[in-house]
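Spelled out from the first residue to the last, the chains are:
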Amino acid sequence: MKKESLFRADLHIHHIRELPLDLLWQQGIRGLLFDLDNTVTAWRSLEVAEETRCFFAALQQRGFRVAIVSNSDRARVAPVGELLDVLALSGAGKPSVRTILHACDQLGLSPGQTAFVGDQLLTDILGANRAGLTSILTDVVHPKEFWGTRYLSRWLERLIHALLLRKDKRTEAKSNS
Ligand SMILES: [Mg+2]
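Because the structure is predicted, anything quoted here is derived from the model rather than measured.

Definitions and cut-offs
Residues numbered from 1 in each chain as written. Predicted model: local features only at pLDDT ≥ 70, side-chain atom pairs only at ≥ 80, totals over all residues. Heavy atoms only, no water. Donors = N, O, S within 2.8 Å, 3.2 Å for Na, K, Ca; no water. Helix = DSSP H or I, 4+ residues; strand = E, 2+ residues; numbered from the N terminus. Buried < 20%, exposed > 50% of the residue type's maximum accessible area, 1.4 Å probe, protein only. Contact = heavy atoms within 4.5 Å. Core = buried A, V, L, I, M, F, W, Y, C linked by side-chain atoms within 4.5 Å. 1 Å grid on protein atoms, 1.4 Å probe; cavity = no way out; pocket = protein on both sides within 12 Å on 5 of 7 lines; lining within 4 Å. Points joined across faces, edges and corners; volume = space filled by probe spheres on them. Nonpolar A, V, L, I, M, F, W, Y, C, P; charged D, E, K, R; others polar. Domains from an automatic or database assignment. Buried area = accessible area lost by both parts, 1.4 Å probe. Salt bridge = Lys/Arg side-chain N within 4 Å of Asp/Glu carboxyl O. Polar contact = N/O pair within 3.5 Å; in protein donor to acceptor, adjacent residues only side chain to side chain.

With that settled, the discussion passes to the coordination of the magnesium ion. Ideal coordination angles are 109.5 degrees for a metal with four donors arranged tetrahedrally and 90 or 180 degrees for a metal with six donors arranged octahedrally. Around the magnesium ion, the donor atoms from the protein are Asp-35 (OD), Asp-37 (O) and Asp-119 (OD), and they sit 2.1 to 2.2 Å away. Donor residues for the magnesium ion sit on one chain with the sequence pattern D-x1-D-x81-D. One end of the pair, Asp-35, is in the loop between β2 (31-34) and α2 (50-61); the other, Asp-119, is in the loop between β5 (114-118) and α5 (121-131), with 84 residues separating them in the sequence. Asp-119 sits in the buried class, given a relative accessible area of 3%.

Among the residues of helix α3 (residues 74-84), those classed as buried are Arg-76, Val-77, Ala-78, Val-80, Gly-81 and Leu-84. Packed against the buried residues of α3 are α2, β3 (65-69) and β4 (87-89). Once α3 finishes, Asp-85 follows within two positions and takes phi at roughly 60°, a positive value.

A few words now on unusual backbone geometry. Here Lys-94 and Pro-95 are connected by a cis peptide whose omega angle stands at 20°. Residues other than glycine seldom take positive phi values, yet Asn-38 does so here, at roughly 65°. Mapped onto the elements, Asn-38 comes out in the loop between β2 and α2. For Asp-85, which is not a glycine, the phi torsion comes out positive at approximately 60°.

Nonpolar side chains in soluble globular proteins tend to be buried together. Residues Leu-19, Leu-32, Phe-34 and Phe-56 are the most contacted members of the largest nonpolar core, which totals 24 residues. Elements with a minimum of two residues in this core: α1 (21-26), β2, α2, β3, α3 and β5. Membership of the second largest hydrophobic core comes to 14 residues, among which are Leu-33, Ala-92, Phe-116 and Ala-128.

Right, let's talk about the environment of Leu-122 for a bit. Within the fold, Leu-122 resides in helix α5. A residue is classified by how much of its surface remains accessible, and Leu-122, at 18% relative accessible area, is buried. In sequence terms Leu-122 and Arg-154 are 32 residues apart; their C-alpha atoms lie 9.0 Å from each other. Not counting the four nearest positions on each side in its chain, Leu-122 is found in contact with Phe-7, Pro-95, Ser-153, Leu-156, Glu-157 and Ile-160.

Attention now goes to the layout of surface pockets. In this structure, the largest pocket occupies an estimated 400 Å³ of space. For the largest pocket, the lining is made up of 18 residues, of which His-12, Leu-121, Leu-137, Glu-157 and His-161 are closest to its centre. For the lining of the largest pocket, the secondary-structure elements that each account for two or more residues are β6 (134-138) and α6 (147-176). Here the residues of the lining of the largest pocket are counted per class, giving seven nonpolar, three polar and eight charged.

We now examine the domain arrangement of the chain. Considered domain by domain, the chain is made up of domain 1 (11-145) and domain 2 (146-177). Between the C-alpha centres of domain 1 and domain 2 the distance comes to 24 Å. On the side of domain 2, nine residues touch domain 1, which itself brings nine residues to the contact. Together, Leu-121, Leu-122 and Glu-145 form the three largest contributors to the area buried by domain 1 at its contact with domain 2, with a combined 68%. If you look at where domain 1 meets domain 2, you find one salt bridge. Between Asp-119 and Arg-154 there is a salt bridge; the shortest N-O distance is 2.6 Å. In this assembly, domain 1 and domain 2 are joined by two residue pairs in polar contact (both at pLDDT 80 or more).

This is how it looks when you write it as structure tokens:
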């Protein structure tokens, strides 16, 4: 499905545990890919909250196929994948679609059957949209971030958000005139 803007998430949630699982299932989504830093855990943290562990187990019990797709290195990503008992792919280079599509392949699903959940517009949402997945933006787990993310990416995100809002207002004004 062609998207109107590659920077616009299909859905925005506060926390991964707020994912509308019934709705996603009804829409044919069978796979969920998650970013790691500030989506599943705090930035660079190896600590996984007990609720997060239970949530990942519940997702798989419901029949969702789950994977982590992170730009971080293997030493950081693999232990979390083991802890959550899911496929964990590191060095993804998002917004590149290569590892996102590889994850879908590994789960035996098409991009149309898969959603991507992440906290960053310029990596997660852009990558997911480019690859043809349902894109879900989540708020950060914790405010601590890599300085480049905090000072550059978030500034760009706010700019993109403002531009999208302006576009929406223009479209609305046109349809009302
Ligand atoms: Mg992240």
